[in-house]
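Tertiary structure, described
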Amino acid sequence: MDWIERIAGIRRWTRAGERAPHKPLLLLYVLGRFQQYGNRPITFTDTESDLKKLLKEYGPPRDTSPGYPFHHLTSDGLWIVDTATGPGSPGPELGRLRASKATGRLQPDLARALAEDPTLAVRIARHLLDANFPASLHADICRLVGLDLDSGEAPGIRPPATSATRRDPAFREKVLMAYEYACAFCSYDGWLDGMAVGLDAAHVRWWAFEGPDDLANGLCLWALHHKLFDKGVLGLTAERTVTVSARFVGRSTTARDLVLSLAGRPIREPQPGLSSPELAHIAWHASQVFRLPARGTH
């Protein structure tokens, strides 16, 4: 059985490109637990706060319940939920999951495959990360769920990209050149021994959500601003000015100078004749990543 294909086919709520990474986040959490404890049942009440934090940090901007993936993942044949009175999930409602002492565990065949092949958990995790999140967030998610991607991975274990998933290796250089090797938000332009350092080619609309590897979906960003852009601290308006989430709190002079002062600042434009970020990609980021409300400008 190809477990990667099974997991790639999990059913998700979809509507007009909206993100719904609830089940992938639960699976990543469960894989982290499996690496540490095996297929020990996971009690909902013991993990509710962990799942809530995961969804708040890496889920869509709208509020979501940890009961949703805990219950609905059972429909994909990968996850089993039992209660104190017997098998079967009581539903996604938090009160019922708590009152019934619901527990979850991986489907036995999947658990057996994970135990027999230590690289499988790593391959599944990498697929889930690549399919749902930008690379800038992968390490942070793994730390939060306790996943070790080096524990079972042998050299060359990552499968080659298919034609449908292959990324453009020239994307980074094209984007950095378009912005003359300077951050579009703050104009940072550091070099070391003839190489640009600390600059990334950021996707406005995430590659995992059909964001193309082209200039109209790219920004040259300083590494810190790239991370904050992917976390929803920073965003863009239709006029291509920077927005800063009011949820971000920074009291130091450094935070004020490097982040808060960006609010309302026009982004650096690419070289003449080259594409700026398309409004459709900006709108996707604003609705699916940026953490509303935005701070006012001075």
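These lines cover the structure that appears in this document, whether it is placed above or below. Note that this is a predicted model, so its numbers are computed, not measured.

**Details of the overall build of the chain**
Tallying secondary structure elements over the chain gives 12 helices and 10 strands in all. Taking the principal axes of its C-alpha atoms as reference, the chain extends roughly 65 × 45 × 35 Å. When each of the 298 residues of the chain is scored for burial, the buried share is 47%. Considering only contacts within the chain whose residues lie at least 6 apart along the sequence, 71% involve residues at least 24 apart. Carbon together with sulfur atoms contributes 53% to the accessible area of the chain, which is approximately 14,700 Å² in total.

**Section: the packing of aromatic side chains**
For the coordinates displayed, the defined rule picks out eight aromatic pairs. With 5.0 Å between their ring centres and 70° between their planes, phenylalanine 44 and phenylalanine 70 make a pair best called edge-to-face. With phenylalanine 44 in helix 3 (residues 44-58) and phenylalanine 70 in helix 4 (residues 67-72), the pair connects residues that are 26 residues apart, well separated along the chain. The same class applies to phenylalanine 44 as to phenylalanine 70, namely buried. The interplanar angle of 35° and the centroid separation of 5.8 Å between the aromatic rings of tyrosine 188 and tryptophan 222 together place this pair among those described as tilted. Of this pair, tyrosine 188 sits in the loop between helix 9 (171-178) and strand 5 (191-192) while tryptophan 222 is found in strand 8 (residues 218-222), placing the two residues 34 residues apart along the sequence. Ring-pair connections join several aromatic residues into one group, and the members of that group are Phe44, Phe70 and Trp79.

**Some words on the pattern of salt bridges**
When charged atoms on two side chains of opposite charge get close, those side chains can pair. All told, the structure shown has 11 salt bridges when counted by the stated rule. The shortest N-O distance in the salt bridge between aspartate 76 and lysine 23 comes to 2.7 Å. Separated by 53 residues along the polypeptide, aspartate 76 in the loop between helix 4 and strand 2 (79-83) and lysine 23 in helix 2 (residues 22-37) bring together distant segments of the chain. Exposure class is identical for aspartate 76 and lysine 23. Each is buried. Ionic pairing is found between aspartate 168 and lysine 174, a salt bridge with its closest N-O pair at 3.4 Å. On the basis of relative accessibility, which here comes to 27%, the residue aspartate 168 falls in the partly exposed class. On the accessibility criterion, lysine 174 (41% relative accessible area) is partly exposed. Via salt bridges that share partners, Asp140, Arg143 and Lys227 belong to a single interconnected network.

**Quick look at helix 9**
By the burial criterion, the buried members of helix 9 are Phe171, Val175, Leu176 and Ala178. One side of helix 9 carries all its buried residues, which in axial view fall inside an arc of 160°. Elements in contact with the buried residues of helix 9: strand 6 (195-196), strand 7 (199-203) and strand 8. Glutamate 180 lies just past helix 9 and shows a positive phi near 55°.

**Brief notes about the state of the cysteines**
What the rule picks out here adds up to zero disulfides. As a non-bridged cysteine, cysteine 220 has cysteine 183 as the owner of its nearest cysteine sulfur, 6.5 Å distant.

**Here's the deal with the pairing of strand 4 (residues 103-106)**
Burial along strand 4 is one-sided: the face carrying Gly104 and Leu106 is buried and the face carrying Thr103 and Arg105 is not. Sheet topology places strand 1 (residues 42-43) next to strand 4; two bridges connect them, and they run antiparallel. Directly across from isoleucine 42, in strand 4, lies its bridge partner glycine 104. One ladder, built from four bridges, connects strand 2 with strand 4; its direction is antiparallel. Bridging across to strand 4, aspartate 82 finds its partner in threonine 103.

**So, the side chain of aspartate 82**
Looking at the secondary structure, you find aspartate 82 in strand 2. Polar contacts involving the side chain of aspartate 82 include one to the side chain of arginine 105, which spans 3.4 Å. Every residue in contact with aspartate 82, bar those within four places of it in the chain, is listed here: Pro87, Gly88, Lys101, Ala102, Thr103 and Arg105.

Definitions and limits used
- Residues numbered from 1 in each chain as written.
- Predicted model: local features only at pLDDT ≥ 70, side-chain atom pairs only at ≥ 80, totals over all residues.
- Heavy atoms only, no water.
- Helix = DSSP H or I, 4+ residues; strand = E, 2+ residues; numbered from the N terminus.
- Buried < 20%, exposed > 50% of the residue type's maximum accessible area, 1.4 Å probe, protein only.
- Contact = heavy atoms within 4.5 Å.
- Areas by Shrake-Rupley, 256 points an atom, 1.4 Å probe, with all protein chains shown as cover.
- Phe/Tyr/Trp six-rings, centres within 6.5 Å; stacked < 30°, edge-to-face > 60°.
- Salt bridge = Lys/Arg side-chain N within 4 Å of Asp/Glu carboxyl O.
- Arc of directions from axis to C-beta.
- Disulfide = S-S within 2.5 Å.
- Pairing = 2+ DSSP bridges.
- Polar contact = N/O pair within 3.5 Å; in protein donor to acceptor, adjacent residues only side chain to side chain.

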